[in-house]
Amino acid sequence: MATQTLIYLFVGATFALYIGIALWTRAGSTSEYYVASKGVHPVLNGMATGADWMSAASFISMAGIIAFAGYDGSVYLMGWTGGYVLLAMCLAPYLRKFGKFTVPDFIGERYYSKAARLVAVVCVIFISFTYVAGQMRGVGIVFSRYLEVSIETGVVIGMAIVFFYSVLGGMKGITYTQVAQYCVMIFAYMVPAIYVSMMITGNPIPQLGFGSEVSGTGQSVVERLNGLGAELGFTAYTDGSKSMTDMFFITMALMVGTAGLPHVIVRFFTTPTVRDARKSAGYALLFIAILYTTAPALAAFARTNLLSSVPNASYQELPSWFKTWENAGLIGWMDKNNDGIIQYGPGAAFAGKPEFTGERGENGERLLKNPATPAETELYVDNDIMVLANPEIANLPGWVIALIAAGGLAAALSTAAGLLLVISTSISHDLLKSTLRPNISEKGELLAARLAAGVAVVVAGLFGIYPPGFVAQVVAFAFGLAAASFFPAIVMGIFSKKMNKEGAIAGMVVGLAFTFSYIVYFKFINPTATAADWWFGISPEGIGTLGMLFNFAAAVIVAKLTSAPPERIQHLVEDIRVPRGAGAAIDH
Amino acid sequence: MSLSKEQAATAYWKENLRLMLGLLAVWFAVSFGAGILFVEQLNAIQFFGFPLGFWFAQQGSIYVFVLMIFFYVWKMNQLDRKYDLHEE
């Protein structure tokens, strides 16, 4: 069968599966809609969390980023997994014991304050929208690349699917769909990785192949990468170029941010018991680690393939995948010295992403409009190509390519659905039921949740079709803000009986205001600033760590100067610290 | 055990904190320690074809994280029962 037919078949079959699950798991009550009635098995919840967490960026872009950044890419690997340790030990079991529906629920009740709840709601909505915009764009890109439709049509199809199962099924529908999506995604990621590992090292397990010898060279994969890179003038793959301080701060901000992201936290509200919440954090990280330990191996293999085949090769003799992806706009070659040979080295060949004139050069390459840089390198390779083009580079059969398409869509849709649910819940539950209209009926609240989800899908879709230029820039926001706002407030709410509402609010406001201004200043107001201008050499990606420290400091100082929280709050804290009695909290 | 309910809860919480802080120390050591702060020193050591520091940053820390959570789950389940605070 032709590859294109296979792609339609795979994507169609997985979509039918998701819709089938949605019909089977319709939510009938707010408890089902918000937290799947707290009846999700820990292993299934682990899978759902994995799918919820691993976005289009994890699936498509991460291996590519690591392939180009080498050691520097480790910040994402450690940052996006280490957060689960914090979640498992500092947050998940206690929030499950607390037993309500949302993060603002906890903040609002623990700090006996509507103002605190509102600050939390605003953060939840902002963080989640930032994140979801990127997902819808991801859906559009996968569609347009594999299904030969425009990005806009792709986004609309994606919106329709997500709308269907998140509005109908709520958390219950999303959970079981995410379980299916995790399976699709991990299978799609592992199959090509195993093939490529076999091809390069003869070892079928990518994590082991990563440390093995490249067949026929007597060198290990990383030695060979360092060697090939050095010949072309790159810094060693295993060394990287970020400063140690910056590595430290970025990793910490990503870890703490991960632990503070509302759509991840809320997944731990869905387990039947506190015990299960802990266990399910373990399974979640196990399922995530399968992909996250494969990604750096895949990155190294892809980079080895690239460095041993493309530099100093003649354009006309390159294999067909090079031209396929050049046609897709993910590769660009500017023959600066007119020798028909591809020079590749450190730096950018030209400014920005490739823009083509529509004409062909004398070797048949697509000519570029971009202004050339003084660097000798002539090649642009997009990050995304490392996963997307791998099956073709490795000459894998058509069904593997179809699998990647289905996997990429699963990754983007599952994350989008989780985020949309969090947005709709904060509107119907935190804003409407808990703040504006406490007398709303269960039916009315459920309807409001569905309407809010519907509106959120449309807004997210619009972000996907007309992406604000800053989408890529604002991902740093989501993690930095979560790290500087929720994480300290929740942790202190559990681990300190003395933390009061004044302290918590002061902490969140200080943390948020600082992190927000730093990112806005260095990303938008003064984007040409270099590392020398950053405070202590901390990049905007890592500043959430400092924001978090400011949050803790401000909260502790203010709490010391104001009155202790009321007796009942201290009892509440004592109660959430022990597992016994978690069942009772369900029927509130 | 003849502890009152409050005493049991307090002792439970203390033991829980000790376990948590111990594990957080490991968490910090494998990622920030081995993967970032001491990466250069560790890179001098070869480990199954990798420079050791690089391996911790891209593989080892993640394996330890997973094991740590399951260890924590196992210990906490014991602790819940020891102080009779487990869920019925």
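Note on numbering: residues in each chain are counted from 1, in written sequence order. To label them, take the chains in the order written and letter them from A, then take the ligands in the order written and number them from 1. For a predicted model such as this one, the threshold for reporting local features is a pLDDT of at least 70, and the threshold for listing and counting side-chain atom pairs is 80 or more; totals across whole chains, interfaces and linings nevertheless cover every residue. Excluding hydrogens and water, the side-chain figures rest on all heavy atoms present in the structure.

**Some words on the pattern of salt bridges**
A pairing counts as a salt bridge when a side-chain nitrogen of Lys or Arg comes within 4 Å of a carboxyl oxygen of Asp or Glu. If you walk through the whole model with that rule in mind, you get ten salt bridges over all chains. A salt bridge links aspartate 80 of chain B to arginine 278 of chain A, with the shortest nitrogen-to-oxygen separation between them at 3.0 Å. One end of the pair, aspartate 80 of chain B, is in helix α3 (residues 52–82); the other, arginine 278 of chain A, is in helix α13 (residues 274–309), on a second chain. Each member of the pair aspartate 80 of chain B and arginine 278 of chain A is classed as buried. Helix and strand assignments come from DSSP, with helices taken as H or I runs of at least 4 residues and strands as E runs of at least 2, each series counted from the N terminus. Any residue under 20% of the maximum accessible area for its type is buried, any over 50% is exposed, and the rest in between are partly exposed; the area is computed with a 1.4 Å probe on protein chains only.

**A closer look at the domain arrangement of chain A**
All names here are of chain A. Entries for chain A in the domain assignment read domain 1 (3–305 + 396–467) and domain 2 (331–381). Those domain boundaries reflect an automatic or database domain assignment. Here the C-alpha centroids of domain 1 and domain 2 sit 34 Å apart. Whether two residues touch is decided by their heavy atoms; if any such pair falls within 4.5 Å, the residues are in contact. Counting from both sides, the interface comprises five residues of domain 1 and, opposite them, four residues of domain 2. Both faces considered, domain 1 and domain 2 share a buried interface measuring about 400 Å² in area, 68% of it formed by carbon and sulfur atoms. Put simply, buried area is how much 1.4 Å-probe accessible surface two parts lose in total, over both of them, once they are put together. When the buried area of domain 1 at its contact with domain 2 is split by residue, Phe68, Leu232 and Phe234 rank highest and sum to 85% of it.

**A short note on the UniProt feature "transmembrane region" (unreviewed entry) in chain B**
Residues and elements named next belong to chain B. UniProt positions are given in the numbering used here, feature names are shortened, and annotations may be inferred rather than shown by experiment. Mapped onto the present numbering, the UniProt feature "transmembrane region" (unreviewed entry) falls on residues 21–40 and 52–74. Along residues 21–40 one finds 95% helix and 0% strand; the C-alpha atoms at either end are 27 Å apart. The span residues 52–74 carries 100% helix and 0% strand; its end-to-end C-alpha distance comes to 29 Å.

**Comments concerning the interface of chain B and chain A**
Between chain B and chain A, the contact holds 45 residues from the first and 53 residues from the second. Taken together, the links from chain B to chain A amount to two salt bridges. In this structure, arginine 580 of chain A and aspartate 84 of chain B form a salt bridge, with 3.3 Å as the shortest nitrogen-oxygen distance. Any pair of nitrogen or oxygen atoms within 3.5 Å is treated as a polar contact; in protein, a donor-acceptor pairing is required on top of that, and neighbouring residues in sequence qualify only through side-chain atoms on both sides. Between the two partners, chain B and chain A, sit 15 residue pairs in polar contact (both at pLDDT 80 or more). Elements with a minimum of two residues in the side of chain B that touches chain A: α1 (5–37), α2 (39–43), β2 (50–51) and α3 of chain B. Top element by residues in the side of chain B that touches chain A is α3 of chain B. It accounts for 18 residues. Asp, Glu, Lys and Arg are counted as charged, while Ala, Val, Leu, Ile, Met, Phe, Trp, Tyr, Cys and Pro are counted as nonpolar; the rest, among them Gly, fall into the polar class. Class assignment of the residues belonging to the side of chain B that touches chain A gives a composition of 29 nonpolar, eleven polar and five charged.

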